[in-house]
Protein chains: 2
Amino acid sequence: MRRVDVRASSGSTEVIAGRGAIAELPAVIDALEPRMLMLVADRKVHGLHWEPLASLFAGPKLVTHLIDGEKAKSLGEAQRILEEMSALGFLKDDLVVSFGGGVASDLGGFVASVYARGVPVVHIPTTLLGQVDAAIGGKTGVNLPQGKNLVGTYHQPRVVVADVDLLSTLDLEEWRSGMAEVLKYALCFEPDMLDDLARGETLNHDLATQEDIIVRCIGIKAKVVAADERDSGARLVLNYGHTVGHALEAASGYSMRHGEAVAVGMAFASRLAVRHGVADPGLVQVHLDALASLGLPATASFDRAAVASAWSRDKKRRSAQRWVLLEAPGSPVVREDVPDALAEEVLEEVAQ
Amino acid sequence: MRRVDVRASSGSTEVIAGRGAIAELPAVIDALEPRMLMLVADRKVHGLHWEPLASLFAGPKLVTHLIDGEKAKSLGEAQRILEEMSALGFLKDDLVVSFGGGVASDLGGFVASVYARGVPVVHIPTTLLGQVDAAIGGKTGVNLPQGKNLVGTYHQPRVVVADVDLLSTLDLEEWRSGMAEVLKYALCFEPDMLDDLARGETLNHDLATQEDIIVRCIGIKAKVVAADERDSGARLVLNYGHTVGHALEAASGYSMRHGEAVAVGMAFASRLAVRHGVADPGLVQVHLDALASLGLPATASFDRAAVASAWSRDKKRRSAQRWVLLEAPGSPVVREDVPDALAEEVLEEVAQ
């Protein structure tokens, strides 16, 4: 088990990561002294994991709000939780706890950030994606009909408890989706992790290596967020593969998994880097090999016009599109000089 | 005309205050370089003031969303504006402008704070309350059925343009409502302002003195917010009269004006200070005299149980109620040791 501090300008998070980390929860709750807990939990995760964990939540009054998948990330669902909290007399020193994947931490974090202009939140991510990415760094979000995470805040959780043992119930698809983000960290920051990732799906059951990889990814994200909480510079790099990734998700009506969309987005970015003269042609093969060993796609079938229109609405876009590209594995750059026409041409290369 | 900087930890605001300040607006917009403006405007204010001001907004594409009174401060209305922005392709370097009283800046500021996790906002407050209080300091808010401002964020506006000439169309009741906040500043921070306020309603048409008072109030608020953006200490003092004030508003179903409720809340606080042994008995008369000259009430008719229950839900309340009390004019203290029973007893004294 490892402890990693994320020191952002708006607040700090202690991440407790590793096998059995959940045993630290009672001490975490004790230290925050809430009278009341609002548990925002994924219904499926709650069904699978709640019973053995219930005793860890003993003490404060517990209220549970169960949510169902991506459609819960709406202002309407947020309002229902906020009204519940208000009706119960939830105060500023009470505690929101999210329990589930990125949907739970995005929504629970959003609710915590706006209730009474901010109350503490603790995340207990139960997916690989949540543990290495969504629960770390304080971004919260809900969707609008026009796109994903178009509404949100920055609100650092007080504590993130990332227990690797909770990942044992993940199905292969969810595991792969998380590995796409792990691959992003490896490609952008720690290319030597690519060797581990080449073992591909055998990693799925190797909890010791998984623990090591997760702790490394959390460490990378902690560093990036500390340097740039609000996406004005270094943190943009974490967006690698995400401009096209988000657009693919939106164009699919969110039937495509985040990790798969980001996988295709990274394949796209490697091709764009080569075509724009930023990287050597070998970069594309590095991406294709890594994606293949993890069972992740490098191409997708999509509506070109819908994707191009979605990326122009990307929430990180200012007037010029800022692309995260790799000069080589481990050497990311942000470029604003990529012609839209070139990006659209390269998009054809990842279309099935 | 005066410029006051509000330097909060999350961002800084330039306040341009005084007669004719609105003429600075084109320069303000130019400096921010938006492609698009989302104007969140009070319908009545827009009707009264738009025509002569329209040319000041020339340049970026302008989209106007008109709102009607306190009921516009809802998550539903926020969602409508957010969807409009999103459908229009509003980006992170575009600009939200609020135009109206506290409702416009609270709602416009909230929307700006959560769209794409934060876009710039400029406030143009058109009420006395907005100019001396609501538009300054970065608090945003919408209401829940359970109470006012229960949902919100801290999001510093880039610029506040407080043009005293825009106050000429205020009716007497709105003017009084704003003077309650001015009186709060005088009682808590600058007792020598009480002499001006003793001139009462003659001030209504003395724009030069008004300008002076407004600039002084903005200066006080700027100092307090710079010291404590998030209400953990000094800023709590700005809550003087507001714990009971908010409760009275809620118990009246928001038919009571904010300023009148705060007026009664300050009269209550002066009595509580005396009864709790914090202040000399003369403090009550100071309050009654000032309130009388401004035409503001010192008592109200209300449902005791509803008020007591509303104040226990006050969003600034932690487990212990923190009362802002005056030892004397200009000497505020925050006390957590006031028995609930004493507060309830004193509440009887301000009941009609």
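The preceding data block contains the structure.
Because the structure is predicted, anything quoted here is derived from the model rather than measured. (Residues numbered from 1 in each chain as written. Chains lettered and ligands numbered in written order. Predicted model: local features only at pLDDT ≥ 70, side-chain atom pairs only at ≥ 80, totals over all residues. Heavy atoms only, no water.)

Trainee: Which parts of the structure should I look at to understand unusual backbone geometry?
Mentor: Excluding glycine, residues mostly have negative phi values, and the peptide bonds linking residues are mostly trans. Residues and elements named next belong to chain A. The residue Glu33 is not glycine, and still its phi comes out positive at about 55°. Inspection of the secondary structure puts Glu33 in the loop between helix H1 (25-32) and strand E3 (36-42). The phi angle at Arg117 is positive, at roughly 60°, despite the residue not being glycine. Tracing the backbone through its elements, the reader meets Arg117 in the loop between helix H4 (102-114) and strand E6 (121-125). (Helix = DSSP H or I, 4+ residues; strand = E, 2+ residues; numbered from the N terminus.)

Trainee: When you look at the side chain of Lys139 of chain B in this model, what are you seeing that I'm missing?
Mentor: All names here are of chain B. Looking at the element boundaries, Lys139 is found in the loop between helix H5 (128-134) and strand E7 (142-144). On the accessibility criterion, Lys139 (17% relative accessible area) is buried. Engagement of the side chain of Lys139 in a polar contact is seen with the side chain of Asp231, the distance being 2.7 Å. (Buried < 20%, exposed > 50% of the residue type's maximum accessible area, 1.4 Å probe, protein only. Polar contact = N/O pair within 3.5 Å; in protein donor to acceptor, adjacent residues only side chain to side chain.)

Trainee: Teacher, can you tell me more about the relation of the copies chain B and chain A here?
Mentor: Put simply, the two copies of the chain differ by a rotation about an axis and a shift along that axis. Turning chain B through 180° and shifting it by 0.0 Å along the axis lays it on chain A, with an RMSD of 0.0 Å. Both copies of the chain, as the preceding transformation shows, are related through a two-fold rotation axis. With an isologous cut-off of 70% or more, the 100% of interface residues of chain B that recur at the interface of chain A puts this contact in the isologous class. (Least-squares fit on C-alpha atoms with pLDDT ≥ 70 in both. Contact = heavy atoms within 4.5 Å.)

Trainee: Help me understand the packing of aromatic side chains in this model?
Mentor: Given two aromatic rings, one states the distance between the centres and the angle between the planes to describe the pair. Applying the stated rule across the entire model yields 8 aromatic pairs over all chains. Ring centres 4.7 Å apart and planes at 40° place the aromatic pair Trp50 of chain A and Phe57 of chain A in the tilted group. Judged on exposure class, the residue Trp50 of chain A and its partner Phe57 of chain A are both buried. Between Trp50 of chain B and Phe99 of chain B, the aromatic rings sit 6.4 Å apart at their centres with planes inclined by 70°, giving edge-to-face as the arrangement. One end of the pair, Trp50 of chain B, is in helix H2 (residues 43-53); the other, Phe99 of chain B, is in strand E5 (residues 95-100), and 49 residues separate them in sequence. On the accessibility criterion, Phe99 of chain B (0% relative accessible area) is buried. Taken together, Trp50, Phe57 and Phe99 of chain A form an aromatic cluster joined through their ring pairs. The aromatic ring of Tyr185 of chain A is capped on one face by Lys184 of chain A, whose charged end is 5.1 Å from the ring centroid. (Phe/Tyr/Trp six-rings, centres within 6.5 Å; stacked < 30°, edge-to-face > 60°. Lys NZ or Arg CZ within 6 Å of the ring centre and 35° of its normal.)

Trainee: Hey, could you run me through the pattern of salt bridges in this one?
Mentor: Side-chain pairing between opposite charges can occur once the charged atoms of the two side chains come close. In this structure the tally under the stated criterion is 48 salt bridges over all chains. Because the salt bridges share partners, they merge into one network encompassing Glu70, Lys73, Asp106, Lys148 and Glu249 of chain A. (Salt bridge = Lys/Arg side-chain N within 4 Å of Asp/Glu carboxyl O.)

Trainee: Just checking my understanding: could you explain the interface of chain B and chain A for this structure?
Mentor: Reports often express the size of an interface as the amount of accessible area lost when the parts come together. Taken together, the contact pairs 38 residues of chain B with 38 residues of chain A. Summing both sides of the interface, chain B and chain A together bury roughly 3,300 Å²; the carbon and sulfur share of this comes to 57%. Where chain B meets chain A, there are 0 salt bridges. Counting the contacts that link chain B with chain A gives 6 residue pairs in polar contact (both at pLDDT 80 or more). Of all the elements in the fold, those that place two or more residues in the side of chain B that touches chain A are helix H3 (75-87), helix H4 (102-114) and strand E8 (147-151) of chain B. The element contributing the most residues to the side of chain B that touches chain A is H3 of chain B, with 7 residues. Within the side of chain B that touches chain A, the residues separate by chemical class into 13 nonpolar, 12 polar and 13 charged. (Buried area = accessible area lost by both parts, 1.4 Å probe. Nonpolar A, V, L, I, M, F, W, Y, C, P; charged D, E, K, R; others polar.)

Trainee: Sorry, what's going on with the sheet that holds strand E9 (residues 159-163) of chain A here?
Mentor: Across a sheet, paired strands are connected by hydrogen bonds in the backbone, their directions being either parallel or antiparallel. Residues and elements named next belong to chain A. Judged by pairing direction, the sheet is mixed, and its 7 strands sit side by side in the order E1-E2-E9-E6-E5-E3-E4 without closing on themselves. The sheet terminates laterally at strand E1 (2-8) and strand E4 (61-67), the two strands that pair on one side only. The average angle at which neighbouring strand axes cross in this sheet is 15°, direction not considered. In terms of strand pairing, E6 meets E9 through 2 bridges, oriented parallel. Across the sheet, the residue bridging to His123 is Val160, located in E9. H1 contacts strand E2 (11-18), E3, strand E5 (95-100), E6 and E9 of the sheet and is inclined by roughly 170° relative to E6. Running at roughly 165° to E4, helix H3 (residues 75-87) makes contact with E3, E4 and E5 of the sheet. (Pairing = 2+ DSSP bridges. Axes fitted to C-alpha atoms, helices over the stretch in contact; angles between N-to-C directions.)

Trainee: Whenever I open this one, the environment of Ser270 of chain A confuses me. Can you help?
Mentor: Residue and element names in this part refer to chain A. Structurally, the position occupied by Ser270 is in helix H10 (residues 258-275). Along the chain, Ser270 and Gly241 lie 29 residues apart, while their C-alpha atoms are 8.9 Å from each other. Once residues lying within four places of it in the same chain are set aside, the contact partners of Ser270 are Tyr240, Leu283, Val284 and His287. Polar contacts involving the side chain of Ser270 include one to the main-chain carbonyl oxygen of Ala267, which spans 2.7 Å.

Trainee: It is not clear to me how the pairing of E4 of chain A should be interpreted in this structure. Could you clarify?
Mentor: Consecutive side chains along a regular strand alternate between the two faces of the sheet. All names here are of chain A. The pairing of E3 with E4 spans 7 bridges and is classified as parallel. Its bridge partner lying in E4, Val40 is registered against His65. In this fold, the crossover linking E3 to E4 by way of helix H2 (residues 43-53) has right-handed handedness. (Right-handed = clockwise from strand over helix to strand, strands pointing away.)

Trainee: Teacher, can you tell me more about the side chain of Lys221 of chain A here?
Mentor: Residue and element names in this part refer to chain A. Mapped onto the elements, Lys221 comes out in helix H8 (residues 207-227). For Lys221, a relative accessible area of 5% corresponds to the buried category. A distance of 2.6 Å separates polar atoms of two side chains, one belonging to Lys221 and the other to Asp133. Once residues within four sequence positions are removed from consideration, Lys221 is found in contact with Val132, Asp133, Ile136, Gly137, Tyr185, Arg235 and Leu238.

Trainee: Sorry, what's going on with the environment of Ala17 of chain A here?
Mentor: All names here are of chain A. Mapping Ala17 onto the fold places it in strand E2. Assessed through its relative accessible area of 1%, Ala17 is described here as buried. Linking Ala17 and Gly265, residues 248 residues apart in sequence, is a C-alpha distance of 28 Å. Setting aside residues no more than four positions away along its own chain, Ala17 makes contact with Met1, Arg2, Ala162, Val215 and Ile218.

Trainee: Would you mind going over the layout of surface pockets with me for this structure?
Mentor: Empty space left among the atoms is revealed by rolling a probe the size of a water molecule over them. There is about 1,400 Å³ of room inside the largest pocket. Along its surface, the largest pocket is lined by 45 residues, and Ser10 and Arg230 of chain A together with Ser10, Tyr154 and Arg230 of chain B are the ones closest to its centre. Split into classes, the residues belonging to the lining of the largest pocket amount to 10 nonpolar, 20 polar and 15 charged. (1 Å grid on protein atoms, 1.4 Å probe; cavity = no way out; pocket = protein on both sides within 12 Å on 5 of 7 lines; lining within 4 Å. Points joined across faces, edges and corners; volume = space filled by probe spheres on them.)

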